[in-house]
Amino acid sequence: MVADITRNRPNGGGDRSDDRPDRGQVMLIGAVALAFIVLGVVVVFNGVLYTETLSSGETSQSASSAEATELEVRQGVGCLIAEYEGDQTGNDELVDGGDVQPSLVESNLENDIENYSVLYRNATAHSQPTAVHIEPESVFDITESGGTVSIENVTVTISVDSTDQSYDRTIDVRSEGCPS
């Protein structure tokens, strides 16, 4: 048979439920609590580093947004030019006295570029805190021969104002820039 050897212990036999806490359990609970604290500090520190990396990466993205703005304007104005090039004999807004008038083509194209500027500014204002203004620069070279219009030397200035950058860029636009 099995002998009961717990009787010979001091302070009340084999019962361990006296006022002394078990030191191994206290150390284990302390180690687990310390591990959770260290894990929490690591997670917070990692989040701070990630946020700082994202905020410092904005400068590289702003350069690409400037290029994207220029490309969008080049394509949009290029499509406006493409609308006025070619045979315009059926366009009553451009015909006066039976012939296509280059001055009417120029004034209509300037109005369309100004309208495009307003529409582009409104569209981009919803997606980014940037104000973009597009303005035609000078007199365009418009030639007309037998109702067919050709437009060259269209120059526009793009003015961009945002919280982190501001610039003016002058670009030449051709109808070939329209992606059709």
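Okay, so let's go over this structure. (Residues numbered from 1 in each chain as written. Predicted model: local features only at pLDDT ≥ 70, side-chain atom pairs only at ≥ 80, totals over all residues. Heavy atoms only, no water.)

Here we come to the sheet that holds strand E1 (residues 86-87). Pairing is antiparallel across the open sheet formed by 3 strands, whose spatial order is E1-E6-E5. Whereas interior strands pair on both sides, the edge strands pair on one side only; in this sheet they are E1 and strand E5 (141-145). Relative to strand E6 (residues 148-152), E1 is paired through 2 bridges, and the arrangement is antiparallel. When the bridges of E6 are listed, glycine 86 appears paired with valine 149. (Pairing = 2+ DSSP bridges. Helix = DSSP H or I, 4+ residues; strand = E, 2+ residues; numbered from the N terminus.)

Position of glutamate 144 relative to the elements: it lies in strand E5. Expressed as a C-alpha distance, the spacing of glutamate 144 and proline 102, which sit 42 residues apart in the sequence, is 6.7 Å. The residues touching glutamate 144, leaving out its near neighbours within four places in the chain, are Val100, Pro102 and Val149. At 3.4 Å, the side chain of glutamate 144 and the backbone nitrogen of glycine 146 are in polar contact. (Contact = heavy atoms within 4.5 Å. Polar contact = N/O pair within 3.5 Å; in protein donor to acceptor, adjacent residues only side chain to side chain.)

Looking now at the state of the cysteines. Considering all chains together, one arrives at 1 disulfide under this definition. Through a disulfide, cysteine 79 is tied to cysteine 178; the S-S separation comes to 2.0 Å. Around the S-S axis, the bridge from cysteine 79 to cysteine 178 shows a dihedral of about 85° and counts as right-handed. Here cysteine 79, found in helix H2 (residues 58-84), pairs with cysteine 178, found in the segment after strand E8 (166-173); they are 99 residues apart in sequence, far enough to count as distant. The exposure class assigned to cysteine 79 is partly exposed, which follows from its relative accessible area of 23%. (Disulfide = S-S within 2.5 Å. Buried < 20%, exposed > 50% of the residue type's maximum accessible area, 1.4 Å probe, protein only.)

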